[in-house]
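# Results of the structural survey
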Amino acid sequence: MPAAMPDRTRVVERLLAGERLAFLELNRLVTATLRQLRAWDFHDEWDDLRQEVLLAVVASAKAGRLRDPEACVGYVRIVTRNKFVDRLKHRLRWKETETLPWDDAAAHALATPPDDGERAALDAAVRDLAPDERRVLDGVYREGKTYQEVSDQTGIPLGTMKRRLRDALTTLRRRLAPG
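Calculation notes
- Residues numbered from 1 in each chain as written.
- Predicted model: local features only at pLDDT ≥ 70, side-chain atom pairs only at ≥ 80, totals over all residues.
- Heavy atoms only, no water.
- Helix = DSSP H or I, 4+ residues; strand = E, 2+ residues; numbered from the N terminus.
- Buried < 20%, exposed > 50% of the residue type's maximum accessible area, 1.4 Å probe, protein only.
- Contact = heavy atoms within 4.5 Å.
- Areas by Shrake-Rupley, 256 points an atom, 1.4 Å probe, with all protein chains shown as cover.
- pLDDT = per-residue confidence, 0-100.
- Salt bridge = Lys/Arg side-chain N within 4 Å of Asp/Glu carboxyl O.
- Core = buried A, V, L, I, M, F, W, Y, C linked by side-chain atoms within 4.5 Å.
- Expected span 1.5 Å × (residues − 1).
- Arc of directions from axis to C-beta.

## Here we look at the overall build of the protein
Along the backbone of the protein there are nine helices and zero strands. Listing each helix as α and each strand as β along the protein from the N terminus yields α-α-α-α-α-α-α-α-α. Expressed as a percentage of the 179 residues in the protein, the buried residues total 29%. Look at the contacts in the protein between residues 6 or more apart in sequence, and 54% of them connect residues 24 or more apart. Of the roughly 12700 Å² that the protein leaves accessible, carbon and sulfur atoms contribute 53%.

## Observations concerning the confidence of the model for the protein
Residues of the protein with pLDDT of at least 70 account for 80%, and the chain-wide mean is 77. Summarising per-element confidence for the protein, the mean pLDDT is lowest in helix 5 (residues 104-111) (52) and highest in helix 8 (residues 147-154) (88). Below pLDDT 50 for its whole length, residues 98-102 participates in three contacts with residues either more than four positions away or in separate chains.

## What to know about the pattern of salt bridges
Once their charged atoms are close, side chains differing in charge can pair, the charge on each being opposite to the other. Evaluated as defined, the whole model comprises eight salt bridges. Put simply, glutamate 143 and lysine 145 hold a salt bridge, and the shortest N to O gap is 3.0 Å. Among the residues examined, glutamate 143 registers a relative accessible area of 46% and is labelled partly exposed. Judged by relative accessible area, lysine 145 falls into the partly exposed class, the value being 27%. Residue arginine 166 pairs with aspartate 167 through a salt bridge whose shortest N-O separation is 3.9 Å.

## Here's the deal with the nonpolar core
The biggest cluster of nonpolar side chains holds 23 residues, and the ones touching the most others in it are Val12, Leu34, Trp46, Val53, Val57, Val76 and Phe84. Going through the elements one at a time, helix 1 (11-16), helix 2 (20-36), helix 3 (46-62) and helix 4 (72-92) are the ones with two or more residues in this core. Among the elements that make up this core, the one with the highest residue count is helix 3 (seven residues). In this view, tryptophan 46 contacts Thr31, Leu34, Arg35, Ala39 and Trp40; residues no more than four positions away in its chain are not counted. Residues Val136, Val140, Ile156 and Ala168 belong to the second largest nonpolar core, which totals twelve residues.

## Digging into the side chain of threonine 31
As for its placement among the helices and strands, threonine 31 is situated in helix 2. Setting aside chain neighbours within four positions, we find threonine 31 in contact with Trp46 and Arg50.

## Notes on helix 9 (residues 158-176)
With 19 residues, helix 9 should cover 27 Å at 1.5 Å per step; its first-to-last C-alpha distance of 27 Å lies within 8% of that length. Those residues of helix 9 not exposed but buried are Met161, Leu165, Ala168, Thr171 and Leu172. Summarising the axial view, the buried residues of helix 9 lie within an arc of 130 degrees, below the 170-degree limit, and thus occupy one face. In helix 9, the exposed positions angled more than 90 degrees off the buried face are occupied by Gly159, Arg166, Arg173 and Arg174. On its buried face, helix 9 sits against helix 6 (116-127), helix 7 (131-142) and helix 8.

## A few points about helix 3
Spanning 17 residues, helix 3 covers 24 Å between terminal C-alpha atoms, matching the ideal 24 Å at 1.5 Å per step. Where helix 3 is concerned, the buried positions are Trp46, Leu49, Arg50, Val53, Leu54, Ala56, Val57, Ser60 and Ala61. All buried residues of helix 3 fall inside an arc of 165 degrees around its axis, so they share one side. Exposed and facing more than 90 degrees away from the buried side of helix 3 are Asp47, Leu55 and Lys62. Following helix 3 by one or two positions, glycine 64 adopts a phi angle in the positive range, close to 80 degrees.

Here is the structure:
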């Protein structure tokens, strides 16, 4: 007879009560989520990730933010995913002392100013953007401001500002694509 599946709906309550089996179930759930994310390159950091997730789950449960026991599995998966993405972003973040992973051709292309025809085409394409898209694009790329600074300056919520920037870049790529 196959073993019964553990009841994960009450895992947080059992964890707070000090039950070791609940701790192991939570670890299995975090590990399964990391496998689903294909986080193999971070296998050496799984213990740290599991600990961070465990601390976040316990803190949320103690603060009363995790009221529905049936939401535990989804909550653990979301927290695991977010913690993994945070580590991934941190690992991939460029540091000033490091060189960028560009080859010589890419470095030369960036150092070479565009000819007047390319500049005119780009300026025309930017002028044809919607006003909000143009303001966001100018703030981030021409003025070198952070997303938050542009959001504060324009009064556009941060998420909306990012979407408009993405839309503007997609439009420019489409308009400036060769052929």
